[in-house]
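# Structural overview
Residue-level listing of the chains:
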Amino acid sequence: MSGAGSANCLAIGTRLAEFEITGVVGEGGFGIVYMAIDHALQRTVAIKEYMPAALAARGADFSVTVRSRRHGEAFEAGLRSFINEARLLAQFEHPALIRVHRFWEQHQTAYMAMRYYEGQTFKDAVKQHPGLVNEAWLKSILKPILEGLDALYQADILHRDISPENIMLQSSGDVVLLDFGAARRIVTGLTQSLTVILKPGYAPVEQYADDNAMTQGPWTDIYSLCAVMYSAITGKAPPAAVARMLSDPLTALRASDYPGFGQQFLDAINRGLAVRPEERPQSIAEFTALLGIDGQAAMRAPVQAAPPAKLQKRTWPAWAAAAVALLAAGSWMASRPSAPAAAVAGAPVPIPLAATISPKEEIISPDDLKKETASAPTVLPVKLLTPAKAKVPVSARALGTLNLSIKPWGQVFVDGQDKGVSPPLKQLPLALGKHRVRVTNPHFAPYEMTITVDAKAPASVSRDFAAAMP
């Protein structure tokens, strides 16, 4: 069910070309999705607007303009990527892929009109109907998804954002993949630092690099899809892939532990969850055969072949050392509220922070990582060994956690240092002891408080700027 949304959202009744907004489906730090009526064709559609609240503000004439000149480059880069992503998505008509009807620029920003998908996310279906989860049901969901992914790969596109929230089970019984992650790349952010956007438990280790250090391909999406299946079967997501580099706690799925599943199917999931990319199935055709799914003869080999052989012998790059240091330092996971059951497809925008309404993401800023782990011992690059042989740093600076609950959003400063925008930021690792926290939003008076971070329980800062107004 849609609503009116926050002050950043366009009002119900606003006209955008031939469309009239009837509600807000969801909003994130950099994008808003509306329900709308297409008056030309008399149908309900979803409209996604590029609205980076951290970078820009809404004017009285509905226009979107940057808050300061220093944000201009990031705003324009995000706008171009939003348009390019819409153009890319519009070329597909596969039933398992989101359908973009048109895209255009207006109000100094951009919009895309998409098919409105009403139904239930895979996550909600598993939660509400756990008795459905067996091999036959999962295969019926996997088959159209794999066919859709195969179509993407023929156009040299990876999805890169498969999760339980991004699979929609429509009331018609059809399955569709929502939010594309193909455009999620490292870009220059507000502080000229680099940011990686990941889903905890569902992102393979090569996405933590997001550069040429480790090749991404069909095996990247296969890992995420297997993680989704694993979470449905076991009731919990796998551990973060980067954590599995050190000491892998993941237990292989066995048919004796899960009635309703054959070992062939579970072995395919186990193999797809391999930490090392070259140990996973390298194509949709190979993965389909391992799963024992029939009717996939039309699937073609992927455009990109297996990862280069050098992957098997190379030393992991500097990002791996940073990831190890981060694990030693503490938690980095951030989360956001789930989207409504009536979900929509929207291409995410490749800008520094979260650009979609996806519910859980990890946001890792290398600048923050350097600050928080400054006193940690030097960590040498980790060779691609079995988990038991990988070396772990002996000690690290003691850290605690700060939970953030800011509405509608705010720039967060800790001891004078800019930590980013919340939401999407929901959690920060901080050194134990007292800290001065300041949260700013240009439309309201700043909020300040002193917190004490200890190792036993997380500290919290909660601020609803609108509710605090007299």
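Residues numbered from 1 in each chain as written. Predicted model: local features only at pLDDT ≥ 70, side-chain atom pairs only at ≥ 80, totals over all residues. Heavy atoms only, no water.

## Brief notes about the pattern of salt bridges
Counting across every chain of the model gives 14 salt bridges. For Glu135, the salt bridge is made with Lys139, and the minimal N-O distance between the two is 3.0 Å. In this pair, Glu135 and Lys139 are both assigned in helix 3 (residues 135-154), 4 residues apart and thus about one turn of the helix distant. The network of salt bridges with shared partners includes Arg276, Glu278 and Glu279. (Salt bridge = Lys/Arg side-chain N within 4 Å of Asp/Glu carboxyl O. Helix = DSSP H or I, 4+ residues; strand = E, 2+ residues; numbered from the N terminus.)

## Comments concerning the packing of helix 4 (residues 218-234) against helix 6 (residues 263-272)
Remark: helix 4 packs on helix 6, axes separated minimally by 8 Å, with the N-to-C direction vectors making an angle of 130°. Taken together, the axes of helix 4 and helix 6 are oblique relative to one another. In this structure, helix 4 crosses over helix 6, and the sense of that crossing is left-handed. Residues Ile222, Tyr223, Cys226, Met229, Tyr230 and Ile233 of helix 4 touch helix 6, and the partners they reach there are Phe265, Leu266, Ala268, Ile269 and Gly272. Grouping the constituent residues of the contact of helix 4 with helix 6 by class yields 10 nonpolar, 1 polar and no charged. (Axes fitted to C-alpha atoms, helices over the stretch in contact; angles between N-to-C directions. Parallel < 35°, antiparallel > 145°, perpendicular 65-115°, else oblique. Left-handed = near helix turned anticlockwise from the far one by under 90°. Contact = heavy atoms within 4.5 Å. Nonpolar A, V, L, I, M, F, W, Y, C, P; charged D, E, K, R; others polar.)

## Section: unusual backbone geometry
Cis geometry is found at the peptide bond from Lys407 to Pro408, where omega equals -10°. Along the chain, Pro408 turns up in the loop between strand 15 (399-407) and strand 16 (410-414). At His107, a position not held by glycine, the phi torsion is positive, near 60°. Among the secondary structure elements, His107 is positioned in the loop between strand 7 (100-106) and strand 8 (109-115). Given a relative accessible area of 18%, His107 falls into the buried group. Notably, Gln108 is not glycine yet its phi reads approximately 60°, a positive angle. Looking at the element boundaries, Gln108 is found in the loop between strand 7 and strand 8. (Buried < 20%, exposed > 50% of the residue type's maximum accessible area, 1.4 Å probe, protein only.)

## Focus on the nonpolar core
Counting residues in each nonpolar core, the largest one holds 102 residues, and the members touching the most others are Phe122, Leu138 and Ile167. In this structure, Leu138 is in contact with Phe122, Val133, Met229, Ala232, Ile233, Phe261 and Phe265, ignoring residues within four places of it in sequence. Counting 16 residues, the second largest nonpolar core, distinct from the first, contains Leu404, Val437, Val439 and Phe465. (Core = buried A, V, L, I, M, F, W, Y, C linked by side-chain atoms within 4.5 Å.)

## Looking at the sheet that holds strand 20 (residues 447-453)
Strand order in the open sheet formed by 4 strands is 17-16-19-20, and the pairing between neighbours is antiparallel. Looking at the sheet topology across the chains shown, the edges are occupied by strand 17 (417-422) and strand 20. When strand polarity is set aside, the average angle formed by the axes of neighbouring strands in this sheet is 25°. As judged from the 4 bridges shared by strand 16 and strand 19 (residues 433-440), these two strands associate in the antiparallel manner. The residue of strand 19 that forms the bridge with Phe413 is Arg438. (Pairing = 2+ DSSP bridges.)

## Some points on the environment of Leu152
Relative to the elements of secondary structure, Leu152 occurs in helix 3. A C-alpha to C-alpha distance of 9.5 Å links Leu152 and His94, two positions 58 residues apart in sequence.

## Some details on the sheet that holds strand 9 (residues 119-121)
Strand order across the open sheet formed by 3 strands is 9-10-11, with antiparallel pairing between neighbours. A single partner strand is all that each edge strand has here, and the edge strands are strand 9 and strand 11 (175-177). For this sheet, the mean angle separating the axes of adjacent strands, direction not counted, is 30°. Packing of helix 3 onto the sheet brings it into contact with strand 10 (167-170) and strand 11, and relative to strand 11 it is tilted by some 45°.

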